[in-house]
Amino acid sequence: MKKRKNLLYIFADQWRYHAVGAVCQDAVLTPNIDAFARESMRCDQAISTYPLCSPHRAALLTGKYPLSCGMWTNCKPGLYDKLMLRDQETLISDVMHGEGYATAYIGKWHLDASELNFHRNPASGAVNWDAYTPPGDRRHHFDFWYSYGAMDNHLDPHYWMDTDKRLKPGKWSVENETDVTLDYLERLKAASAGQEDAKPFCLFLSWNPPHPPYDQVPEKYLRLYPEGGESFRENVPRAMRDDSAYRKAWREYYAAVSGVDEQFGRILSYLKENGLENDTIVALSADHGDCMGSHGVYGKNVWWEESVRIPLYVRGPQVVSGVTDTLLVSCDHMPTLLELLGAPIPDSVEGLSHAKVFRGERPGRPVREHAFLCMVPGMPSMVAEYTKRGLDNRCFGWRGIRTLRYTYVVDNGTVPGTAQRRFLYDNLEDPYQLAGAELPADNPVCKDWDEILRGYLVQQQDGFLLENRL
């Protein structure tokens, strides 16, 4: 009997494409990831369709565009529809459970509604955006569960398993979640001892750092980035060197990435030492990026490369090593992984499989010629203002198209009455997107781009207006 492949999918939150040593962009120390990159298929054009936690996660796990599965912003309290991933969606975990896999989810989930939407004082102790997801349909056949909804106390995290009793390990979240992952794999190994056909696993591990707050990082990683050292000179622009807040943020951000690298190295060592390396597809990626001061902003949820471009490295059986510039968006991960695993792809999937690219085969034409980008205003106060005026907040925000060369954006703003604007960037000639041109709506160039964009809007039943009629 042919041995079935395991899947280990690891993703960090707010980790930008540029912050990997192997990419030679940011001066960051990631020796384990760099070595892994040399053995993997490195996707240089992996794009977060909606550069925000919940929307990307929904697309990643369902293979659908975020708006198609109702995830138009982050899960949080105070929204009119108590936003959460619907029970009826089919996730990769549902498919792999049906294929006889042991399934596990460890770390940040952020796909369940805040418990404050339902209870003033939840028994679980969840506050703000956080939520305990109880066993049942909302876990989508992730059989082992060690998770939380959304919290950012990285140095003193908490988790829930199968009861509403909150667990507090007292350890940096990335290290603790790695401990739990290795313990889970050990228990799987013990359970399958002596069996010829061991049960394969499908494990998703979601690390929150380098997501803010940046200062929630162990001191030993901060020592890797002394002020005035080589990484300081390479990462900090001269114009920003007198900005103490910026200097502090860059040290902490890259320190967290180096901490992620060390914990990733522990997992790779375990796989090698336990004979799992050749039977396991390992994917390493992120939710979205972080501008980290580029364009004068921190964070994500904008269309610039630092926000939408993410690392994606895949290694495993039948996956060749190399670098690909195939455009791969959030909803493409699921069908690609399912095909590599030899599992069925549900009819509900809207993404495209890039399995041929990972296997080193040459598709007759690009798998994807353009990527859809989007953002919907989601702050509760803002949404309440739209509702008061009889407006749909999903008409606002911005939508865009990203090709290998260009980024085109239609921006309706986040405030009712804002004039619509269009932008076009040539990412080949202007990789830092500093000279993007604003175009009038009647420019002939816009007509072609708008037609492509309109196709995505219709597909997702998106209420965004290409014509400024508000």
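Every residue gets a number counted from 1 within its own chain, in the order that chain's sequence is written. Thresholds applied to this predicted model are a pLDDT of at least 70 for local features of residues and 80 or more for the giving and counting of side-chain atom pairs; totals over whole chains, interfaces and linings are not thresholded and use all residues. Hydrogens and waters are ignored; side-chain quantities use all the structure's heavy atoms.

A. Structural view of the pairing of strand E8 (residues 312-315). Judged by which residues are buried, E8 turns out to be covered on both faces: Leu312 and Val314 on one side and Tyr313 and Arg315 on the other are all buried. Of the pairings in the sheet, the one linking strand E2 (residues 41-43) to E8 comprises 2 bridges and is antiparallel in character. In the sheet register, Met41 faces E8, and the bridge partner there is Val314. The cut-offs for exposure are 20% and 50% of the maximum accessible area for each residue type, with area from a 1.4 Å probe on protein chains only; residues under the lower value are buried, those over the upper are exposed, and the others partly exposed. Each helix is a run of H or I in the DSSP string that is no shorter than four residues. Each strand is a run of E no shorter than two, and both are numbered from the N terminus. At least two bridges found by DSSP between two strands is the condition for calling them paired.

B. The arrangement of the environment of Thr163 in detail. Tracing the backbone shows Thr163 in the loop between strand E5 (144-148) and helix H4 (173-191). Definition of a polar contact: a pair of N or O atoms within 3.5 Å, with one able to donate and the other able to accept a hydrogen when the atoms are protein atoms, and with sequence-neighbouring residues admitted only if both atoms are side-chain atoms. A polar contact of 3.2 Å, which involves the side chain of Thr163, links it to the backbone nitrogen of Lys165.

C. Examining the sheet that holds strand E15 (residues 437-439) more closely. One open sheet accounts for 5 strands, arranged E11-E12-E13-E14-E15; its pairing is antiparallel. Two strands close off the open sheet at either side, each with one partner strand: strand E11 (371-375) and E15. Going across the sheet, the axis of each strand differs from the next one's by a mean of 20 degrees, ignoring polarity. Of the pairings in the sheet, the one linking E11 to strand E12 (residues 397-402) comprises 5 bridges and is antiparallel in character. All axes here are fitted lines through C-alpha atoms, helices being fitted over the stretch that makes contact, and every angle between N-to-C directions spans 0 to 180 degrees.

D. Local environment of the sheet that holds strand E7 (residues 280-286). On the basis of which strands lie adjacent, the open sheet formed by 8 strands has the order E5-E4-E6-E1-E7-E8-E2-E9 and mixed pairing. Of all the strands in the sheet, the pair left with one neighbour each is E5 and strand E9 (322-324). Neighbour to neighbour, the strand axes of the sheet diverge by 10 degrees on average, direction disregarded. Sheet analysis places strand E4 (residues 102-108) next to E5, joined by 5 bridges and oriented parallel. When the bridges of E5 are listed, Ile106 appears paired with Tyr146. Contacts: residue pairs with any heavy atoms within 4.5 Å of one another. Packed onto the sheet, helix H1 (residues 31-39) meets E7 and E8 and runs at close to 60 degrees relative to E8. Across the face of the sheet, H4 comes into contact with E4, E5 and strand E6 (201-207) while running at roughly 170 degrees to E6.

E. Spatial organisation of helix H2 (residues 53-62). Burial within H2 is extensive, with 10 of its 10 residues counted as buried. Of the surrounding elements, those touching the buried residues of H2 are strand E1 (6-12), helix H3 (92-98), E4, E6, E7 and helix H9 (333-341). Looking one or two places after H2, you find Gly63, whose phi comes out positive at around 75 degrees.

F. Layout of the packing of H1 against helix H7 (residues 244-273). Interhelical geometry of H1 versus H7 gives an angle of 50 degrees and a closest axis separation of 7 Å. Classified by the angle between their axes, H1 and H7 sit oblique to one another. Residues Pro31, Asn32, Ile33 and Phe36 of H1 form the contact with H7, whose own contacting residues are Asp261, Glu262, Phe264, Gly265 and Leu268. Angular relationships are summarised with four words: roughly parallel below 35 degrees, roughly antiparallel beyond 145, roughly perpendicular across 65 to 115, and oblique for the angles in between.

G. Representation of the environment of Val376 in the model. Among the secondary structure elements, Val376 is positioned in the loop between E11 and helix H11 (380-388). Relative accessible area serves as the criterion here: at 1%, Val376 is assigned to the buried category. Not counting chain neighbours up to four residues away, the residues in contact with Val376 comprise Tyr50, Leu67, Trp72, Thr73, Asn393, Arg394, Phe396 and Arg399.

H. Quick peek at the pairing of E5. In terms of burial, E5 is largely enclosed, as 5 of its 5 residues are buried. Alternating residues of E5 divide into Phe144, Tyr146 and Tyr148 and Trp145 and Ser147, and every residue in both groups is buried.

I. Region of the structure containing the pattern of salt bridges. Any Lys or Arg side-chain nitrogen found within 4 Å of a carboxyl oxygen on Asp or Glu counts as a salt bridge. Inspection of the entire model under this criterion finds 35 salt bridges. Linking Asp44 and Arg42 is a salt bridge whose minimum nitrogen-to-oxygen distance equals 2.8 Å. The burial state of Asp44 is the same as that of Arg42; both residues are buried. Here Arg57 and Asp287 are joined by a salt bridge, their closest N and O atoms 2.9 Å apart.

J. Representation of the nonpolar core in the model. Remark: nonpolar core denotes a set of buried residues (Ala, Val, Leu, Ile, Met, Phe, Trp, Tyr, Cys) joined through side-chain atoms within 4.5 Å. Counting 140 residues, the largest nonpolar core has Trp15 and Phe204 as the members making the most contacts within it. Ranked by residue count, the leading element in this core is H7, at 14 residues. Excluding residues that lie within four positions of it along the chain, Trp15 makes contacts with Val20, Ile33, Pro210, Tyr253, Val257, Leu284, Ser285, Ala286, His288, Gly289 and Pro311.

Fair warning: the whole summary comes from geometry, so function is off the table for now.
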